[in-house]
Amino acid sequence: MSLVIGYQAWHSIDALHFFLRGAEMPFQLSVVTPEINSVRKEGKDAGLSKGDLILSINGQTIERRMDVAALLRTAMAGAEWRVGYRRGEQTAVAAFRLARFNGEWKSWLDWAPAFSTDFLNRWFGIVLAAFVLWMRPRDPMAWLLLALLVSFGFLSTSVGNVDEGWPLPWRAFAAFYRTGVSASWPLWMLLFGLYFPDPRSETRLLGWTRWAFGIPQALVALMGATASTLDSTAGLSIRQASQWMERLSPAAVVLSCACISVLFVNIPYKMAKEKAPDGKRRLRWLHWGMTLSLGPIFIFILYAWLFQKGLDSLPELLVVAMILLMFLFPATLAYVIVVQRAMDVRVALRQGLQYALAKQAMAVVMALAVLGIVWLTFQSVSREGMRTAGQLRAIALSTLAIVLLQRVRAKARTWVDRLFFREQVETERLLAELGEEVRFIPDATALKEQVCRRISEALHVPRVEILTSAGGSGFELTLPMAAGREQLGVLGLGPKLSEEPYSRADRHLLQTVATQAALALENVRLTQVVVEETAHRERLHHEMEIAREVQERLLPQRPPVVPGLAYAGRCRPAHSIGGDAYDFFLTREGHLMASIADICGKGVPAALLMAGLQASVRGLCAGGVSDMGELMNRLNALLWESTPRNRFATMWCGQYDPATGILHHVSAGHGQPVVLRASGQLERPQCRGMALGLTRAARYTAGHFHLGPGDLVAVCTDGVTEARNPAGEEFGEDRWAAVVADAAAFPPERVVAHVLQSVDEFAEGAEQHDDLTIIALRSADAGRIG
């Protein structure tokens, strides 16, 4: 995927240069030798003609077509070219100025097709395919969609093969990639027609064509790509290969048309056989979209092949319409896949991502419409010679148009609500909220009843049970309920009343609920273990011992590996258990989540509350909450509703993106991090909010900063800064920052150990009254960390 994006980005940059200030190729050369096939006016006026052999340009020797393309790629319109050439046995020099690439463009009929082919079609297809592939990386249909959309973008271009001017070896790669991808488009069309929307379905026609047509088409693409690569590599003659490919061209056109025909045959056939209304609707959208978009191209290919005609033989308006209609194909695919959920890639957010985007897009369209009406009205009333009556009439008509637009907006909003399944979004919201509720239900029986009842109401499933094992019949879906490596039960669901299957989004949300319920059941079980143990032994001793084991289990046992980042943490309770904790884990996006927290109070209550808080952080991230401010807002609401008013917590969370090096962080009453740059500069980013659980109205905003190579971030609880020596003096914020600065050359593990050692030396044996917890993160810098 990175190669696809990299090639297209380079191509778009070069295309933009041509559109803005680039020059038109003054002559066209043959494939093998720099012999002129055709000449533009400026070349003819300078004396060039067809058949001349180009020897040099501005003193640079020309041996092949790519040498000219390299010069043209960076040339500016109006630049002078002195072209040395040979005609027969005589040599001469022709001097002329390069014409502007788009010098003959006079209206939107000229630039709109160029923008559509070289930018819109290509980037829209890449973005759509990348989105589907990111959502479903293991789905073969996602990879087939990528190949189809990327190759579709090469059907037409306005700037030609600009990559012929790239330096080696990129020119060779571009030639192989461009030719292979463009020539393989009929193959992907064939496979898409056979396998979309369900590869497992046997409802298809002409299945044998995937071998009879597909293999020859793949060989044609491979041979064409190889020939283009040899052509782009200096010193290799491909005259015979080019002649051979030219002789095969008619057969290749017939083969391509045959492959494309498989798509046009299969989609209507599958639409006729489809019984489900949703499936039939999706195929109907795809059928009409591809017919309107690709039908004219398909007809033109046959026309050009039968009558040996080119685009210049068609009316200009017809050509422009045909090119602009091409965008309908990727746009229809986007609508069928994302909106109509043909591949079930919709992202389940609290308000529904698509629904929110659709509403915003509708608002933008309406705003643009209003601005257009206002602009037209201004142009009318300010026109020279316009009388007062005409001006008033134009203003009245524009006011009426704006009022009518408001009515259209109301109807459009109703249509969007119906189109994007608000009922489904509401179901997702209810299940997401249930995942948050179950973590704080103290009784196992009540917890199980609540989970089963809410799932039954949300999905309209009559039978929902939590089983001790996977046994039992009549369940359409069973999901494990595991906390760590231990499985606590199985969530079983019977068929829906609507008889619809469970979608991918349903399964994801239900698994999140099952995971949260398992964590809550594990907390209940651990609490019961504490109660049972204290009945046989001394209550306080065993309560502390069991709670200490639980708390140790909740600390990161196997921190995940993050490329380019080293990190460590340590918690040393003042007594057997404490109210401090830290955590490291990966989010769904592959970001590292680091957190450190301090609960008000000591002993078992503080430890249990910390366990619930830690589980809530992991559960919210697993449920799709990625914004740090929103994460802290939800934690505050949960803590406010589930704890007494004398209980609160301070917390700092940081989310590190290894791809960008950005660390997003938010603090709830916690001390700010110390950021020690590789240059030695010390920073204290400020992003502090109220402690969690103090008030329902607290709101939190995240900050961010970049973590460069060798930069160090350290955070501690107040047990470090408030540590006292026998004289009653506090360790303090300044001393804490200075100790971190002293450990500038240490890896994170040694930074943490150095801080604890410094606190112990400062305390001089004085009793530790509060827990000591420290985390440290350092970006990769082999010279300093290793």
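Predicted model, so just to flag it, every value in this text is computed and none were measured. (Residues numbered from 1 in each chain as written. Predicted model: local features only at pLDDT ≥ 70, side-chain atom pairs only at ≥ 80, totals over all residues. Heavy atoms only, no water.)

Asker: Describe the overall build of the chain, and please don't skip the residues or the numbers.
Answerer: Regarding its fold elements, the chain presents 25 helices and 20 strands. For the chain, buried positions account for 48% of its 786 residues. Within the chain, residue pairs in contact and separated by at least 24 positions form 69% of the contacts whose partners lie at least 6 positions apart. Per element, the accessible surface of the chain, about 38,600 Å² overall, is 59% carbon and sulfur. (Helix = DSSP H or I, 4+ residues; strand = E, 2+ residues; numbered from the N terminus. Buried < 20%, exposed > 50% of the residue type's maximum accessible area, 1.4 Å probe, protein only. Contact = heavy atoms within 4.5 Å. Areas by Shrake-Rupley, 256 points an atom, 1.4 Å probe, with all protein chains shown as cover.)

Asker: Talk me through the sheet that holds strand β19 (residues 712-716); I want residue IDs and the actual numbers.
Answerer: The five strands are arranged β10-β20-β19-β15-β16 in an open sheet whose pairing can be described as antiparallel. Both outer strands of the open sheet, β10 (565-572) and β16 (682-683), are each paired with one neighbouring strand and no more. In the sheet, strand β15 (residues 674-676) pairs with β16 via two bridges, with the strands oriented antiparallel. Pairing of Leu676 across the sheet is with Leu682, part of β16. Along the sheet, helix α24 (residues 748-763) makes contact with β10, β19 and β20 (772-779), crossing β20 at roughly 145°. (Pairing = 2+ DSSP bridges. Axes fitted to C-alpha atoms, helices over the stretch in contact; angles between N-to-C directions.)

Asker: How would you sum up the sheet that holds strand β4 (residues 60-61)? Please name residues and give values.
Answerer: Read from one edge to the other, the open sheet built from four strands follows the order β4-β3-β5-β6, with strand pairing classed as antiparallel. Each edge of the open sheet is held by one strand with a lone partner, namely β4 and β6 (90-97). Across the sheet, helix α3 (residues 65-74) touches β3 (53-57), β4 and β5 (80-87), and the angle it forms with β5 is around 165°.

Asker: Pulling in residues and values, what's your account of the packing of aromatic side chains?
Answerer: For the structure on display, the rule yields 19 aromatic pairs. Seen from their ring centres, Phe124 and Phe327 are 5.0 Å apart, and the 70° between their planes marks the pair as edge-to-face. Of this pair, Phe124 sits in helix α4 (residues 108-135) while Phe327 sits in the loop between α12 (316-325) and α13 (328-339), and the two are 203 residues apart along the sequence. For Phe124, a relative accessible area of 27% translates into the label partly exposed. Note on Phe327: relative accessible area 23%, which makes it partly exposed. (Phe/Tyr/Trp six-rings, centres within 6.5 Å; stacked < 30°, edge-to-face > 60°.)

Asker: I'd like a rundown of the packing of helix α23 (residues 733-742) against α24, residues and numbers included.
Answerer: Packing of α23 against α24 leaves a shortest axis separation of 10 Å and a crossing angle of 135°. By the criterion of interaxial angle, the relationship of α23 to α24 is oblique. Taken as a pair, α23 and α24 cross one another with a handedness that is right-handed. Listed contacts from α24 to Arg735, Trp736, Val739, Val740 and Asp742 of α23 are His754, Val755, Ser758 and Phe762. Classifying every residue of the contact of α23 with α24 by side-chain character gives five nonpolar, two polar and two charged. (Parallel < 35°, antiparallel > 145°, perpendicular 65-115°, else oblique. Left-handed = near helix turned anticlockwise from the far one by under 90°. Nonpolar A, V, L, I, M, F, W, Y, C, P; charged D, E, K, R; others polar.)

Asker: Describe empty space enclosed by the protein, and please don't skip the residues or the numbers.
Answerer: Counted under the stated rule, the structure contains four cavities of 30 Å³ or more. Estimated volume of the largest cavity: approximately 70 Å³. Mapped by element, the contributors of at least two residues to the lining of the largest cavity are β11 (580-586), β12 (592-599) and α20 (603-622). When residues of the lining of the largest cavity are assigned to their parent elements, the largest contribution, four residues, is made by α20. In terms of residue class, the lining of the largest cavity is built from eight nonpolar, two polar and one charged. (1 Å grid on protein atoms, 1.4 Å probe; cavity = no way out; pocket = protein on both sides within 12 Å on 5 of 7 lines; lining within 4 Å. Points joined across faces, edges and corners; volume = space filled by probe spheres on them.)

Asker: Explain the confidence of the model for the chain residue by residue, including any values.
Answerer: Fine structural detail should not be taken from predicted coordinates in areas where pLDDT scores are low. Per-residue confidence for the chain gives a mean pLDDT of 81; residues scoring 70 or more make up 85%. Per-residue pLDDT, averaged within each element of the chain, yields its smallest value for helix α25 (residues 782-785) (41) and its largest for β19 (95). Low pLDDT, under 50, characterises residues 346-355; the stretch is placed with 25 contacts to residues that sit more than four places away or in other chains. (pLDDT = per-residue confidence, 0-100.)

Asker: If you had to explain the pattern of salt bridges to someone new, which residues and values would you point to?
Answerer: Within the structure shown, the criterion is met by 18 salt bridges. The salt bridge partner of Glu202 is Arg204, with a shortest N-O separation of 3.9 Å. Glu202 gets classed as exposed once you look at its relative accessible area, which sits at 67%. Look at Arg204 and you get buried, because its relative accessible area is 16%. Residue Arg634 is joined to Glu630 by a salt bridge in which the shortest nitrogen-to-oxygen separation is 3.1 Å. Of this pair, Arg634 and Glu630 both sit in helix α21 (residues 628-642), four residues apart, which is roughly one turn of the helix. (Salt bridge = Lys/Arg side-chain N within 4 Å of Asp/Glu carboxyl O.)

Asker: An account of the pairing of β6 is needed here, citing residue identities and associated values.
Answerer: Within a regular strand, the side chains alternate between the two sheet faces. The pairing of β5 with β6 spans eight bridges and is antiparallel. By the bridge assignment for β6, Arg82 is matched with Ala95. The loop that links β5 with its antiparallel partner β6 comprises two residues; one of these, Gly88, has a positive phi angle of about 70°.

Asker: Before we move on, could you go through the nonpolar core and cite the residues and values that matter?
Answerer: The biggest cluster of nonpolar side chains holds 55 residues, and the ones touching the most others in it are Val150, Met189, Phe192, Phe196, Leu294, Phe329 and Leu333. Looking at this core, the elements that each hand over two or more residues are α1 (2-21), α4, α5 (140-152), α6 (170-183), α7 (185-195), α10 (239-273), α11 (277-307) and α13. The element that contributes the greatest number of residues to this core is α5, accounting for nine residues. Those residues in contact with Met189 that lie beyond four places of it in its chain are Leu148, Ile260, Leu263, Leu294 and Phe329. Membership of the second largest hydrophobic core comes to 46 residues, among which are Phe584, Met593, Ala597 and Met610. (Core = buried A, V, L, I, M, F, W, Y, C linked by side-chain atoms within 4.5 Å.)

Asker: Give a detailed account of unusual backbone geometry, specifying residues and quantitative values.
Answerer: Cis rather than trans, the peptide bond between Phe196 and Pro197 has omega equal to 0°. Locating Pro197 in the fold gives a position in the loop between α7 and α8 (209-212). The backbone phi angle of Asn58 is positive, close to 50°, even though this residue is not glycine. Residue position: Asn58 is located in the loop between β3 and β4. The residue Glu764 is not glycine, and still its phi comes out positive at about 50°. With respect to the helices and strands, the residue Glu764 is situated in the loop between α24 and β20. Since its relative accessible area comes to 60%, Glu764 is described here as exposed.

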